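# Summary of structural features
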Amino acid sequence: VSLSVLEPPAANPRRKIDRKTIEGLAASIRQDGILHNLVVTPTGPKGTKSGKKERFQIVSGARRLEALRLLQERGELPEDFTVAVEIRDDLSKDDTLRIATVENLQRQNLTPLEEAAALTKLVHKGVTLDDVVAQTGLSATTIKRRLALNNLCKEAKAALAKGEINLSQAEALT
């Protein structure tokens with residue numbers, strides 16, 4: 001559907017959206033496209049200058065919508081940009097809230113050591129720090145700190161993985 005007919009979710013459990021993460025997501029979308037379709041529900045036609053258009057409210061993918069709008073505002077996407085969506089027309093308000101909540105709860109971040117390993121692979125493949133910053137939305141400082149975790153001894157890595165020390169303690173040990 002056209003990006004112009006998408007509306008933000010009415011019942012998104014996520015109340016705070018960090019602008020930096022939207023910037024990073026926008027960079028990722030610019031580079032690799034949207035990796036997961038948005039889930040939407042029809043809200044009915046709304047009047048426009050050229051007639052009535054079917055509108056859709058986001059059920060899952062509010063951050064992706066924000067990133068797409070940011071790219072469009074910058075002129076990096078055309079006005080008539082179309083987005084792949086999964087249309088769910090049989091959802092009650094309770095279903096919509098449940099799906100949005102589950103989608104946010106199921107997302108699990110990488111552990112710091114997994115982040116370090118993935119970032120190391122990127123760097124070894126010749127990706128510059130500036131490119132990693134642009135592609136991930138992480139700050140250069142955060143990336144450097146994650147990469148430094150590779151220098152921990154086996155015991156410290158094991159302690160971090162088991163939760164015996166926290167990330168701040170592990171970073172101090174680097």
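Residues numbered from 1 in each chain as written. Predicted model: local features only at pLDDT ≥ 70, side-chain atom pairs only at ≥ 80, totals over all residues. Heavy atoms only, no water.

## Observations regarding the overall build of the protein
Of the regular secondary structure elements, the protein holds 8 helices and 4 strands. In the protein, the succession of helices and strands from N to C terminus is β-α-β-β-α-β-α-α-α-α-α-α. Computed over its C-alpha atoms, the radius of gyration of the protein comes to 20 Å, more than 25% above the 16 Å expected for a compact globule of 174 residues. For the protein, the C-alpha atoms occupy an extent of roughly 65 × 35 × 20 Å along the three principal directions. (Helix = DSSP H or I, 4+ residues; strand = E, 2+ residues; numbered from the N terminus. Rg over C-alpha atoms; globule rule 2.2 N^0.38 Å.)

## Topic: empty space enclosed by the protein
Picture a little ball the size of a water molecule; that probe, rolled over the atoms, points out where space is still empty. Under the criterion given, the structure shown has 1 cavity of 30 Å³ or more. Roughly 30 Å³ of internal volume is contained in the largest cavity. As for the largest cavity, its lining consists of Pro9, Ala10, Ala11, Asn12, Gln57, Ile58, Val59, Thr96, Leu97 and Ala100. If you list the elements that add at least two residues to the lining of the largest cavity, you get strand 3 (51-60) and helix 3 (93-106). (1 Å grid on protein atoms, 1.4 Å probe; cavity = no way out; pocket = protein on both sides within 12 Å on 5 of 7 lines; lining within 4 Å. Points joined across faces, edges and corners; volume = space filled by probe spheres on them.)

## Structural notes on the nonpolar core
Among the nonpolar cores identified, the biggest contains 19 residues, and Leu6, Leu38, Val40, Leu68 and Val83 are the most heavily contacted of them. The element that contributes the greatest number of residues to this core is helix 2 (residues 62-73), accounting for 5 residues. Those residues in contact with Leu6 that sit more than four places away from it in its chain are Val1, Leu38, Val40, Arg55, Phe56, Ile58, Leu65, Arg69 and Val83. (Core = buried A, V, L, I, M, F, W, Y, C linked by side-chain atoms within 4.5 Å. Buried < 20%, exposed > 50% of the residue type's maximum accessible area, 1.4 Å probe, protein only. Contact = heavy atoms within 4.5 Å.)

## Observations concerning the packing of helix 4 (residues 112-124) against helix 6 (residues 140-148)
Where helix 4 meets helix 6, the closest approach of the two axes is 8 Å, and the angle between their N-to-C directions is 100°. Here helix 4 is positioned roughly perpendicular relative to helix 6, judged by the angle of their axes. Residues Pro112, Glu115, Ala116, Leu119, Thr120 and Val123 of helix 4 pack against Ile143, Arg146 and Leu147 of helix 6. By residue class, the composition of the contact of helix 4 with helix 6 is 6 nonpolar, 1 polar and 2 charged. (Axes fitted to C-alpha atoms, helices over the stretch in contact; angles between N-to-C directions. Parallel < 35°, antiparallel > 145°, perpendicular 65-115°, else oblique. Nonpolar A, V, L, I, M, F, W, Y, C, P; charged D, E, K, R; others polar.)

## A short note on the packing of helix 1 (residues 19-32) against helix 5 (residues 129-136)
As a packed pair, helix 1 and helix 5 sit with axes 5 Å apart at the nearest point and diverge in direction by 100°. Accordingly, the angle class assigned to the pair helix 1 and helix 5 is roughly perpendicular. Contacts between helix 1 and helix 5 pair Gly24, Ala27, Ser28 and Gln31 from the former with Ala134, Gln135 and Thr136 from the latter.

## Some thoughts on the side chain of Glu7
Residue position: Glu7 is located in strand 1 (residues 6-7). Judged by its relative accessible area of 14%, Glu7 is buried. A distance of 3.2 Å separates the side chain of Glu7 from the side chain of Arg55, its partner in a polar contact. (Polar contact = N/O pair within 3.5 Å; in protein donor to acceptor, adjacent residues only side chain to side chain.)

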